[in-house]
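Overview (structure and organization)
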Amino acid sequence: MNWLNSEAFTLLGQHIIWSDMIGNVLGLITLALGWRRSLLTWPVQFLSGLVLFVAFYGHLAGSAGKQTVVMAVALYGWWQWNRTKDRAQDGHIVPRFATWRERGAMIAAAAAGTVLVALLFKAYPSLSWDPWPDAYIFVGTIVAMYAQARGMVEFWIAWLLVDVVGVPLNFANGYAFSGFVYVIYGALVLWGMRDWWLRSRDGARPVLEGAPA
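Residues numbered from 1 in each chain as written. Predicted model: local features only at pLDDT ≥ 70, side-chain atom pairs only at ≥ 80, totals over all residues. Heavy atoms only, no water.

Take the overall build of the protein next. Counting its secondary structure elements, the protein contains seven helices and two strands. Walking the protein from its N terminus toward its C terminus, one meets helices and strands in the order β-β-α-α-α-α-α-α-α. In the protein, buried positions account for 45% of the 213 residues. As displayed, the protein has an accessible area near 11,600 Å², and 68% of this comes from carbon and sulfur atoms. (Helix = DSSP H or I, 4+ residues; strand = E, 2+ residues; numbered from the N terminus. Buried < 20%, exposed > 50% of the residue type's maximum accessible area, 1.4 Å probe, protein only. Areas by Shrake-Rupley, 256 points an atom, 1.4 Å probe, with all protein chains shown as cover.)

Printed below as a string of structure tokens:
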């Protein structure tokens with residue numbers, strides 16, 4: 001699978017490698033499917049993590065390890081959506097806003113997780129070139145995926161916060177394709193957040209007996 005780490009093409013003077021391109025395109029598809037509340041979002045997310053795991057395995061153990069966590073959360077999301085998908089008439093999950101307790105727990109987990117992961121990256125420099133922003137993006141991604149698995153509208157906000165750091169970091173590290181994909185992520189996140197926000201409000205309205213569906 002060495003071809004995954006070979007150059008696919010050059011864009012604006014940046015060398016785009018196959019794993020970077022394939023993994024991020026799959027990630028983009030995952031976000032679009034999440035917007036549509038499709039159960040396929042989780043298998044595609046798992047496949048994206050698998051591609052990057054294969055690309056990193058053997059020479060970037062830290063990056064490969066991070067992808068195993070992403071794949072594990074994708075499996076959780078698949079299980080969670082399978083368990084709750086029948087709550088909506090269209091067979092998809094019903095978006096909802098997180099409770100204040102859930103929001104506080106996610107913020108605390110994101111803060112503590114970022115510090116712990118960053119300290120781990122600093123203790124083992126081979127795991128990351130930029131410990132703090134890399135930890136922030138990694139932990140933020142896990143929190144966003146967890147919130148998505150629970151059907152929370154706030155998962156879009158978590159993705160926006162990841163994008164704020166992810167875009168400049170990818171361009172600075174020479175991952176131009178990832179940077180461009182993160183820009184597109186931002187646009188999809190805004191549209192997706194609007195859609196989930198409206199659906200959560202519709203889902204909160206009681207259905208009157210005898211009223212048309």
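Scanning the model with the defined rule gives eight aromatic pairs in all. Plain terms: the ring middles of Trp81 and Trp196 are 6.5 Å apart, the flat faces sit at 35 degrees to each other, and that makes the pair tilted. Within this pair, whereas Trp81 is found in helix H3 (residues 61-84), its partner Trp196 is found in helix H7 (residues 176-204), the two being separated by 115 residues in sequence. This pair shows no difference in class: Trp81 is buried, exactly as Trp196 is. When the centroid spacing of 4.3 Å and the interplanar angle of 40 degrees are considered together, the rings of Phe155 and Trp156 count as tilted. As far as the burial class goes, Phe155 and Trp156 line up, both buried. Three or more aromatic residues joined by ring pairs form one cluster here, namely Trp42, Trp81, Phe155, Trp156 and Trp196. Over the ring of Trp100 we find Arg103, and its NZ or CZ is 4.5 Å from the ring centre. (Phe/Tyr/Trp six-rings, centres within 6.5 Å; stacked < 30°, edge-to-face > 60°. Lys NZ or Arg CZ within 6 Å of the ring centre and 35° of its normal.)

Another aspect to go through is the layout of surface pockets. Looking at the second largest pocket, its volume works out to about 400 Å³. Contributing to the lining of the second largest pocket are 17 residues, with Ile107, Ala110, Val143, Ala158 and Leu161 lying nearest its centre. Contributions of two or more residues to the lining of the second largest pocket are made by helix H4 (100-123), helix H5 (131-149) and helix H6 (154-172). (1 Å grid on protein atoms, 1.4 Å probe; cavity = no way out; pocket = protein on both sides within 12 Å on 5 of 7 lines; lining within 4 Å. Points joined across faces, edges and corners; volume = space filled by probe spheres on them.)

The biggest cluster of nonpolar side chains holds 40 residues, and the ones touching the most others in it are Leu31, Trp42, Met145, Phe155, Trp156, Trp159 and Trp196. Of all the secondary structure elements, the ones that give two or more residues to this core are helix H1 (18-35), H3, H4, H5, H6 and H7. Per-element accounting of this core gives the leading share, ten residues, to H5. The contacts of Trp159, once residues within four sequence positions are left out, are Leu31, Thr141, Ala144, Met145, Gln148 and Val189. (Core = buried A, V, L, I, M, F, W, Y, C linked by side-chain atoms within 4.5 Å. Contact = heavy atoms within 4.5 Å.)

The subject of this paragraph is the packing of H1 against H6. Contact geometry for H1 and H6: axes closest at 12 Å, N-to-C directions at 155 degrees. Relative to H6, the element H1 lies roughly antiparallel. Two packed elements cross with a definite hand, and for H1 against H6 that hand is left-handed. In this structure, H1 uses Leu31, Gly34 and Trp35 to contact H6, whose residues at the interface are Phe155, Trp156 and Trp159. Among the residues forming the contact of H1 with H6, the class breakdown is five nonpolar, one polar and no charged. (Axes fitted to C-alpha atoms, helices over the stretch in contact; angles between N-to-C directions. Parallel < 35°, antiparallel > 145°, perpendicular 65-115°, else oblique. Left-handed = near helix turned anticlockwise from the far one by under 90°. Nonpolar A, V, L, I, M, F, W, Y, C, P; charged D, E, K, R; others polar.)

In this section: H5. Taking 1.5 Å of rise per residue, 19 residues should cover 27 Å, and H5 covers 27 Å from first to last C-alpha, within 8% of that figure. Counting buried residues in H5 gives 15 out of 19 residues, a clear majority hidden from the surface. (Expected span 1.5 Å × (residues − 1).)

With that settled, consider the pattern of salt bridges. In total, this model carries three salt bridges according to the counting rule given. As a salt-bridge pair, Arg96 and Glu102 come within 3.0 Å of each other at their nearest N and O atoms. (Salt bridge = Lys/Arg side-chain N within 4 Å of Asp/Glu carboxyl O.)

With that out of the way, let us pick up the confidence of the model for the protein. For the protein, mean pLDDT is 80; residues scoring 70 or higher make up 80% of the total. Element-level pLDDT for the protein is lowest in strand S1 (residues 7-11), with a mean of 69, against a maximum mean of 95 in H4. A low-confidence stretch, residues 204-213 (pLDDT under 50), is modelled with one contact involving residues beyond four sequence positions or located in other chains. (pLDDT = per-residue confidence, 0-100.)

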